[in-house]
2 protein chains.
Amino acid sequence: MEKRRHLSVIIVEDNMFFRKTLLNVLEQSQHLHCLGAYESCEAAIRSLKRNDWQPDIMLMDIGLPGMSGIEGIPHMKKLAPDTRIVMLTIHEDHDNIFQAICAGASGYLVKDTPPDEIMELIAQIDRGGAPMNAHIAKKVLDLFQKMVTPTESYNLTQREKEILKLVVDGHSNRTIAEMIFLSPHTVDTHIRHIYNKLEVHSRSSAVAKAIRENLF
Amino acid sequence: MEKRRHLSVIIVEDNMFFRKTLLNVLEQSQHLHCLGAYESCEAAIRSLKRNDWQPDIMLMDIGLPGMSGIEGIPHMKKLAPDTRIVMLTIHEDHDNIFQAICAGASGYLVKDTPPDEIMELIAQIDRGGAPMNAHIAKKVLDLFQKMVTPTESYNLTQREKEILKLVVDGHSNRTIAEMIFLSPHTVDTHIRHIYNKLEVHSRSSAVAKAIRENLF
DNA sequence: CACGGTATCACGTAAATACGTGAGATTGTA
DNA sequence: TACAATCTCACGTATTTACGTGATACCGTG
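Source: prediction; values computed, not measured.

Conventions and cut-offs
Along each chain, the written sequence defines residue order, and numbers are assigned to residues from 1. Going through the entries in the order they are written, you letter the chains from A and number the ligands from 1. At least 70 in pLDDT is required for a residue's local features to be given in this predicted model, at least 80 for side-chain atom pairs to be given and counted, and no such filter applies to totals for whole chains, interfaces and linings, which use all residues. Side-chain metrics rest on all non-hydrogen atoms present in the structure, leaving aside hydrogens and water. Numbering goes from the N terminus for both helices and strands, where a helix is a DSSP run of H or I of at least four residues and a strand is a run of E of at least two. In this description the radius of gyration comes from C-alpha coordinates, and the expected globular size is given by 2.2 Å times residues to the power 0.38. Relative accessibility decides the category of a residue: with a 1.4 Å probe and only protein chains considered, values under 20% of the type maximum give buried, values over 50% give exposed, and everything between is partly exposed. In this description, contact between two residues means that some pair of their heavy atoms is separated by no more than 4.5 Å. Accessible areas in this description were obtained via Shrake-Rupley with a 1.4 Å probe; residue shielding takes into account the shown protein chains only. Pairing between strands is defined by DSSP: at least two bridges between the two strands are required. For the purposes of these results, a polar contact is taken to be a pair of N or O atoms within 3.5 Å, where, inside protein, one atom must be able to donate a hydrogen and its partner to accept one; residues adjacent in sequence count only when each atom of the pair is a side-chain atom. A single heavy atom is enough: if one lies within 4 Å of a molecule or strand, its residue is considered near that molecule or strand. Here the term charged refers only to Asp, Glu, Lys and Arg, the term nonpolar to Ala, Val, Leu, Ile, Met, Phe, Trp, Tyr, Cys and Pro, and the term polar to all other amino acids, Gly among them. To obtain an axis, a line is fitted to C-alpha atoms, over the contacting stretch when the element is a helix, and the angle between two such axes runs from 0 to 180 degrees between their N-to-C directions. We place the copies in one frame by least squares, fitting the C-alpha atoms of every residue whose pLDDT is at least 70 in both. Two parts placed together each lose some accessible area; with a 1.4 Å probe, that loss summed over both constitutes the buried area. By this rule, a helix spans an expected 1.5 Å times one less than how many residues it contains. When we speak of the arc, we mean the arc of directions from the helix axis to the C-beta atoms. To define a nonpolar core, start from buried Ala, Val, Leu, Ile, Met, Phe, Trp, Tyr and Cys residues and group those joined through side-chain atoms within 4.5 Å.

Student: Go over the overall build of chain A with me, naming the residues and quoting the values.
Tutor: Regarding its fold elements, chain A presents 10 helices and 5 strands. Over its C-alpha atoms chain A spans a radius of gyration of 25 Å, topping by over 25% the 17 Å that the globule rule assigns to 216 residues. Buried positions account for 50% of the 216 residues belonging to chain A. By sequence separation, contacts in chain A at least 24 residues apart represent 65% of the contacts at least 6 residues apart. Counting every atom, chain A has about 10,600 Å² of accessible surface; 52% of that belongs to carbon and sulfur.

Structure (structure tokens):
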């Protein structure tokens, strides 16, 4: 760790064995000191409320009994806005990676990671990175791609896509007609075709579907 | 590398020095063989068209002269759908990370990565991961969070959010009124307030803004 | 208590939308 | 060549929307 300043860490993990193990690993370094190790979000929150320090880094289990790690993130963010939260996960687990990202997690630590990699991960966090192993990263990328890839094309023609885009941008039929040099009637017709293909019966629904499914 | 099967790789990188260096690194391993090293997307595409093999992995510079690495991705995906594409980037560079993700990149390799990490990265790709360093990962997470976090709340009241939600779902004022037991006039009034707060003048614009900025 | 914010409701009108129905022109394809 | 798809335009009408301009009522705060 190039920076020789101290980093404070807290651990939130219900499994006592893993909590102790983690604690031992962290205490190996002179540059880290663990301010607390809790077995539940609730306990960690109580402690943060009682004291007035904020840890630099929090290692928090994702699957906690009671308040889950994910539910806990917003609370932690409120009590300690600058604390970077690393989620502890088993394997390369599941969907709630998405939830955790949305809530503002700063990294992922798989539980069977060897000690030296854990230390390296802490260092990366300190450097402003968001460490995660390649499998977690894969899941994140897949999520991303799913969000931006059109679910279905609905066989919209070029003209229809063009007009749909203008509709989404909030233009009226008359305005659209002027913009692309058509009769308002023609625009009307195109929009009807769009409605048919998208199976909707109103502008709002078409706009919603277009944006949500990344049409055009 | 636990799997002892051969992996085929191609390199697309305009800087000759780095291309050669990379080639040397890869050739160290008996489990890899490099099917080609090109200085442009165009050259790589020509080669893929001419031959009928598909490499397992493609290492492609993001900032290529002519067709950029990002523009190249869709072509490559077409010619070699199963090839996993790793983007080569300088530093932890910029915004087009987003573009690359959308296009379907499977990982990021920063150019000053030491040889052993490059080999490890290849192994991770082979295991189905999407390797990237912590800084790149941070950018991805930040992007993600920006996508799902409301830009601004616009001070919508609870009632207004409720009605906005129904509007987004494509309901008419009359229907909304029936659903939440109000006079259509009241719904109309609420919607006017929503328009004022969102600074729009049409249902479509309100819907678009609501969805895009994750209101409600 | 007065005031601001919220929620409720009403009347009226001009504009926009949704949709039925029909039709000519072009273009690619079977 | 015939057919399907696309793009273009038109008339008419019922419904919906957008907005001006009111009003009453509740509630919390200064």
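Student: So what's going on with the pairing of strand 5 (residues 107-110) of chain A? Residues and values would help.
Tutor: Residues and elements named next belong to chain A. Burial of the side chains of strand 5 extends over both faces: G107 and L109 are buried on one face and Y108 and V110 on the other. As paired strands, strand 4 (residues 84-89) and strand 5 are joined by 4 bridges and run parallel to one another. Across the sheet, the residue bridging to T89 is V110, located in strand 5.

Student: Before we move on, can you summarise the side chain of A:D61 with the specific residues and values?
Tutor: Residue and element names in this part refer to chain A. Within the secondary structure, D61 is located in strand 3 (residues 57-61). We classify D61 as buried; its relative accessible area is 3%. At a separation of 3.3 Å, a polar atom in the side chain of D61 contacts the side chain of K111. Those residues in contact with D61 that sit more than four places away from it in its chain are V12, E13, D14, G69, M87, L88 and K111.

Student: Requested: an account of the environment of A:N51, with residues and values cited.
Tutor: Its location among the elements puts A:N51 in the loop between helix 2 (41-50) and strand 3. A polar side-chain atom of A:N51 sits 2.7 Å from the main-chain carbonyl oxygen of A:S47.

Student: Can you tell me about the protein's contact with DNA strand C, naming the residues and giving the values?
Tutor: The environment of DNA strand C is formed by 17 residues, the closest being A:R192, A:Y195, A:R203, B:T157 and B:H190. Protein-proximal atoms of DNA strand C, defined as those within 4 Å of the protein, fall in sugar or phosphate at a share of 59%. The separation between a phosphate oxygen of DNA strand C and a polar side-chain atom of B:T157 is 2.6 Å. B:S183 places a main-chain nitrogen or oxygen 2.9 Å from a phosphate oxygen of DNA strand C. Counting only elements with at least two residues in the surface near DNA strand C, the list comes to helix 8 (173-179) and helix 9 (184-198) of chain A together with helix 9 (184-198) of chain B. The biggest single contributor to the surface near DNA strand C is helix 9 of chain B, with 4 residues. The residue inventory of the surface near DNA strand C, partitioned by class, reads 2 nonpolar, 10 polar and 5 charged.

Student: Kindly report on the protein's contact with DNA strand D, identifying the contributing residues and their values.
Tutor: Around DNA strand D, 17 residues are found, and the nearest of them are A:T157, A:R159, B:R192, B:Y195 and B:R203. When the atoms of DNA strand D within 4 Å of the protein are sorted by group, sugar and phosphate make up 57%. In this structure, A:S183 approaches DNA strand D through a main-chain N or O atom, which is 2.9 Å from a phosphate oxygen. Here a base nitrogen of DNA strand D sits 2.5 Å away from a polar atom, N or O, in the side chain of B:R192. Among the elements that line the surface near DNA strand D, the one with the most residues is helix 9 of chain A, at 4 residues.

Student: Give a description of the sheet that holds strand 5 of chain A that names residues and reports values.
Tutor: Hydrogen bonds along the backbone pair up the strands of a sheet, which may run parallel or antiparallel. Residue and element names in this part refer to chain A. The strand order across the open sheet formed by 5 strands is 2-1-3-4-5, and the pairing between neighbours is parallel. Edge positions in the open sheet fall to strand 2 (32-38) and strand 5, since each of these has one partner strand only. Taking the axes of each pair of neighbouring strands and ignoring which way they run, one obtains an average angle of 25 degrees across the sheet. Inspection of the sheet shows strand 1 (residues 7-12) paired to strand 3 by 4 bridges, in the parallel sense. Opposite I10, over in strand 3, you have M58 as the bridge partner.

Student: Lay out the relation of the copies chain A and chain B in plain terms, naming residues and giving numbers.
Tutor: Note on the identical chains: chain A maps onto chain B by a rotation of 180 degrees and an axial translation of 0.3 Å, with an RMSD of 0.5 Å. Put plainly, the chains are arranged around a two-fold axis. Among all residues of chain A, the one whose C-alpha sits closest to the rotation axis is A:S204, at a distance of 2.5 Å. Same-surface contact between copies: 100% of interface residues of chain A are shared with the interface of chain B.

Student: Can you tell me about the interface of chain A and chain B, naming the residues and giving the values?
Tutor: Contacts between the two partners involve 37 residues from chain A, matched on the other side by 38 residues from chain B. Summed over both sides, the interface between chain A and chain B buries roughly 3,000 Å², with carbon and sulfur atoms accounting for 72% of that surface. The tally of links from chain A across to chain B stands at 6 residue pairs in polar contact (both at pLDDT 80 or more). Those elements that place two or more of their residues in the side of chain A that touches chain B are helix 4 (96-103), helix 6 (134-148), helix 7 (158-168) and helix 10 (203-212) of chain A. Its residues assigned to classes, the side of chain A that touches chain B shows 20 nonpolar, 12 polar and 5 charged.

Student: Any chance you could break down helix 1 (residues 16-27) of chain B for me, citing the residues and the numbers?
Tutor: All names here are of chain B. For helix 1, which comprises 12 residues, the first-to-last C-alpha distance of 16 Å matches the rise-based estimate of 16 Å (1.5 Å per residue) to within 8%. Listed in full, the buried residues belonging to helix 1 are F18, R19, L22, V25 and L26. An end-on view of helix 1 places all buried positions within 130 degrees of arc, on one side of the element. Facing away from the buried side of helix 1 by more than 90 degrees, the exposed set consists of M16, F17 and N24. Where helix 1 starts, the residue carrying a side-chain oxygen 3.0 Å from the main-chain nitrogen of F17 turns out to be N15.

Student: Outline the nonpolar core, supporting the account with residue identities and numerical values.
Tutor: Ranked by internal contacts, the top residues of the largest apolar core, which has 65 residues, are A:M60 and B:M60. With 7 residues, helix 6 (residues 134-148) of chain B is the single largest residue contributor to this core. Ranked by size, the runner-up nonpolar core spans 44 residues in total, among them A:L166, A:V207, B:A177 and B:L215.

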